[in-house]
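Working through the structure, step by step
If you want the building blocks of each chain, they are given just below.
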Amino acid sequence: MLIGPLGAETLRGGPWKAVTVVSADLLLISVLWTHASLCLVGLILRLLLQTVLLSVFMFPLLRTVGLRAFSMASETYTSGTHSAAFVTCPNDTVAKDLARAIVEKKLAACVNIVPAITSVYEWQGKIEEDSEVLLMIKTRSSKVPALAEYVRSNHPYEVAEVISLPIEQGNPPYLKWIGDAVPE
């Protein structure tokens, strides 16, 4: 290294070479840092966009699920308050007439008509097999005696089947609807 005015040799081998090398390294680090920052910013923007899109498209589904969960959690039902009763009928006409009258008289909230069941039973000492129609009746347990009386009075069978089972649990809004549709 020469002392005095800077010469060509000083620039090539002196402190400027170190500065140039350091500057090139800093420039490379700066470029790499900028590239990494842009990649990171791009990744963040992409994740943000995905989150926003997912939120927009999932909101209706999540809202529906949340409302159903809330309604199920907020309703209370006392086990056995309602019952499912079963009545067999000889044909569709009898089944539809009974079902409509039972709902109109507010003896039940709903009657499902299940066609084409086969019943095997003993009657007057003989084994019988008949095609029947099943009524599935949802009502208050307190209405089962009135329901049974109505069916006995309006059914063509000598001994009409009317059996009921208490509803232990179920969809709370549906159980509430039964209670609202069938007065005490």
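Let me sum up the structure you'll find in this document. Given the structure is predicted, the values throughout are model-derived calculations rather than measurements.

**Structural notes on the overall build of the protein**
Summing up its helical and strand segments, the protein has five helices and four strands in all. Here the protein holds 184 residues, and 24% of them are scored as buried. Intrachain contacts of the protein at a sequence separation of at least 6 include 73% that bridge at least 24 residues.

**With respect to the sheet that holds strand 1 (residues 82-89)**
Strand pairing in a sheet relies on backbone hydrogen bonds. The paired strands run either parallel or antiparallel. Reading across from one edge, 2-3-1-4 is the order of the four strands in this open sheet, with antiparallel pairing throughout. Bordering the open sheet on either side are strand 2 (110-123) and strand 4 (163-166), each of which pairs with just one other strand. Recorded for the sheet is a direction-independent mean angle of 30° between the axes of neighbouring strands. In this sheet, strand 4 lies alongside strand 1 in antiparallel orientation, the contact comprising four bridges. Each residue of the ladder has a partner; that of Ala85, found in strand 4, is Ser164. Each of strand 1, strand 2 and strand 3 (126-140) is contacted by helix 3 (residues 92-104), which is oriented at about 130° to strand 2, the strand it contacts most. Docked against the sheet, helix 4 (residues 144-154) engages strand 1, strand 3 and strand 4, running at close to 135° with respect to strand 3.

So, how was this worked out
- Residues numbered from 1 in each chain as written.
- Predicted model: local features only at pLDDT ≥ 70, side-chain atom pairs only at ≥ 80, totals over all residues.
- Heavy atoms only, no water.
- Helix = DSSP H or I, 4+ residues; strand = E, 2+ residues; numbered from the N terminus.
- Buried < 20%, exposed > 50% of the residue type's maximum accessible area, 1.4 Å probe, protein only.
- Contact = heavy atoms within 4.5 Å.
- Pairing = 2+ DSSP bridges.
- Axes fitted to C-alpha atoms, helices over the stretch in contact; angles between N-to-C directions.

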